[in-house]
Amino acid sequence: MKYFVTIIFILIYAASDAQILFNKIYEKPYYNYADAVIERTDGNIFVLGSSRNPTDTDFVIILSLIDPEGNLLWDKYFAGTRRGSSLIQTSDANFLAVGTASNSTTNAYLVKFNSDGNKIWEQSYTSSTFMDGFSVGETLNNNYYFVGTDGETSILYLTDTTGNLIWSSSYEIGKLVSVIQTLDGGFILAGTTVNPSIAPAIVLLKVDSQGNEMWSKLFGDGVYDGAQSVLQLPDGGYMIAGHFAEPDVSHGYPLSYFIRTNSVGDTLWTKKQRIGLSNHIKPLKNQNGFIHSSSFYSHDYFSINISKLDEFAEIVWTRNFEPGFLFTIGNNITETADGGFLITCATSDFSIESDIRLIKLDADGNFVPLSVNDFNEKKSGLTLFPNPASNIITFQLDENYGNSINKLIIYDAVGKVLKKLDAIDKYKMSLEINDLSSGIYFFELITHLNDAIKGRFIVEK
């Protein structure tokens, strides 16, 4: 049996043209989230997010350095902060992150650090309301910009290379969470309108190089629409990645909504795709099209999605990973130097402890499964028998534990969901596996107390 498992992994690596692929969970105490990832020029990877342990009163920003094979090298924590949402490498070979500081008030926050994670400087930017920071960038003349929002009012900030404020401009238009500098030296911002009397809509706001409003456009179907990310394309037009909710579907889950405009925001075409709530979109480096991240929320269970799209937002391929949860809107995907892709997320929401997850895929979306060591089988009174199994396998919780099985998900060796059972509500259940061929399989069991129990079993025919 060990030879069969080894062959599976060899085939996966051969199919990916010898690229290094990995699928890792990095266990730390209590709650840990990842919302931004970049590949450095040296091939190492920075992951930015938020972390909290039992002795903290609030979250702090966490920065993790991971090598090209997915091995964690170190973690750094930035005290006095709350969360990190966006991360870039700057032209001087350092790094800049935006997020939120939580001192006496909550303020948008910038921190610049070197390749060792050592802080060069940090700045928080006070405002009259609690302000979260998003979408950091570097201008053509090497200043820095980002957007802050309290959910109703948004502020565009421009700073010098030491974080000193050059100017800021406020917009009473809603929650703007994405900003880029445009070809004419101005800025384009995207987000969601906030008006209690009408449904939220996608908003696109164009400002000049001093932050003065030039024009704005609204998009949507009048139900529940919003935008998380915007790009400017070589022809001067824009691509908006947002979400929409279908009025004729009872669950009302928002799904991805792509809007292509010209340089003044007039719609050229739109595309709606069933790939989850949009999070971030980036252009492909050497071909037309985009890489896009999104997330699903279904019955209190969370998953993360990465999709390759062509230039008209048609799906080339899409991959969904469970568990996967996003704490905030960030640049959680990137294309790597070898033509592959990285996506980062967390393993759960706030109801149970969460760990950082990082997945490396090749250019065709191939990936490796979570390894056995990445599945943390919690001491929760679960008994799994027989293992190996051939026709039926049984999952049983200790009745004295006071818990029952609520959901069970079975994955194959490349991470594909094979079986998903909901609302089981039993201490013991037997699962027929006649349709599974010989090999190694992974499971995730969710109890009615929201404990996540993960492990593996072997099928032998």
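Residues numbered from 1 in each chain as written. Predicted model: local features only at pLDDT ≥ 70, side-chain atom pairs only at ≥ 80, totals over all residues. Heavy atoms only, no water.

Q: Help me understand the environment of Trp167 in this model?
A: Relative to the elements of secondary structure, Trp167 occurs in strand β13 (residues 165–171). Judged by relative accessible area, Trp167 falls into the buried class, the value being 12%. For Trp167 and Leu156, which are 11 residues apart along the polypeptide, the C-alpha to C-alpha distance reads 8.4 Å. If near-sequence neighbours (up to four positions away) are discounted, Trp167 is found in contact with Leu156, Tyr157, Leu158, Phe187, Ser209, Gln210 and Gly211. (Helix = DSSP H or I, 4+ residues; strand = E, 2+ residues; numbered from the N terminus. Buried < 20%, exposed > 50% of the residue type's maximum accessible area, 1.4 Å probe, protein only. Contact = heavy atoms within 4.5 Å.)

Q: Can you help me understand the sheet that holds strand β6 (residues 81–89) in this one?
A: Through backbone hydrogen bonds, the strands of a sheet pair up, either in parallel or in antiparallel fashion. Strand order in this open sheet of 4 strands is β6-β7-β8-β9, and the pairing throughout is antiparallel. The open sheet has two edge strands with one neighbour each: β6 and β9 (119–125). Taking the axes of each pair of neighbouring strands and ignoring which way they run, one obtains an average angle of 20° across the sheet. Pairing analysis gives 6 bridges linking strand β8 (residues 106–113) to β9, with the strands arranged antiparallel. Opposite Val111, over in β9, you have Glu122 as the bridge partner. (Pairing = 2+ DSSP bridges. Axes fitted to C-alpha atoms, helices over the stretch in contact; angles between N-to-C directions.)

Q: Which parts of the structure should I look at to understand the sheet that holds strand β11 (residues 144–149)?
A: Across the sheet, 4 strands lie side by side as β10-β11-β12-β13; this open sheet has antiparallel pairing. Two strands close off the open sheet at either side, each with one partner strand: β10 (132–138) and β13. The mean inter-strand angle of the sheet, taken between neighbouring strand axes irrespective of direction, is 20°. Alignment of strand β12 (residues 154–159) against β13, held across 6 bridges, turns out to be antiparallel. By the bridge assignment for β13, Leu158 is matched with Trp167.

Q: Is there a simple way to think about the packing of aromatic side chains in this case?
A: Centre-to-centre distance and the angle between the planes together describe a pair of aromatic rings. By the definition in use, this model includes 24 aromatic pairs. Pairing Trp317 with Phe341 gives two aromatic rings, centres 5.8 Å apart and planes at 65°, and the pair type is edge-to-face. Of this pair, Trp317 sits in strand β25 (residues 315–321) while Phe341 sits in strand β27 (residues 341–346), and the two are 24 residues apart along the sequence. Given a relative accessible area of 1%, Phe341 falls into the buried group. Taken together, Tyr30, Tyr31, Tyr33, Phe59, Phe325 and Phe327 form an aromatic cluster joined through their ring pairs. Cation over ring: Lys217 sits above Trp215, and NZ or CZ is 5.7 Å from the ring centre. Over the ring of Phe244 we find Lys272, and its NZ or CZ is 4.6 Å from the ring centre. (Phe/Tyr/Trp six-rings, centres within 6.5 Å; stacked < 30°, edge-to-face > 60°. Lys NZ or Arg CZ within 6 Å of the ring centre and 35° of its normal.)

Q: Looking at this model, I keep getting lost on the environment of Gly265. Mind explaining?
A: Mapped onto the secondary structure, Gly265 falls in the loop between β20 (255–261) and β21 (267–273). With relative accessibility at 3%, the residue Gly265 sits in the buried group. Sequence-wise, Gly265 and Gly237 are 28 residues apart; in three dimensions their C-alpha atoms are separated by 7.4 Å.

Q: Could you clarify how one ought to interpret the pairing of strand β5 (residues 72–78) in this entry?
A: A regular strand carries its side chains on alternate faces of the sheet. Pairing analysis gives 6 bridges linking strand β4 (residues 60–66) to β5, with the strands arranged antiparallel. Across the sheet, residue Ser64 finds its bridge partner in β5, namely Asp75. Between β4 and the antiparallel strand that follows it, β5, lie 5 residues; Gly70 among them carries a positive phi value of about 90°.

Q: Whenever I open this one, unusual backbone geometry confuses me. Can you help?
A: Glycine aside, the phi torsion of most residues is negative, and most peptide linkages are trans. Of the consecutive residues Phe385 and Pro386, the connecting peptide bond is found in the cis state with omega at -20°. A positive phi angle, near 70°, is found at Asn142, a position not held by glycine. Following the sequence through the fold, Asn142 ends up in the loop between β10 and β11. Positive phi, close to 55°, is recorded for Asp425, a residue that is not glycine. Here Asp425 shows up in strand β32 (residues 417–426).

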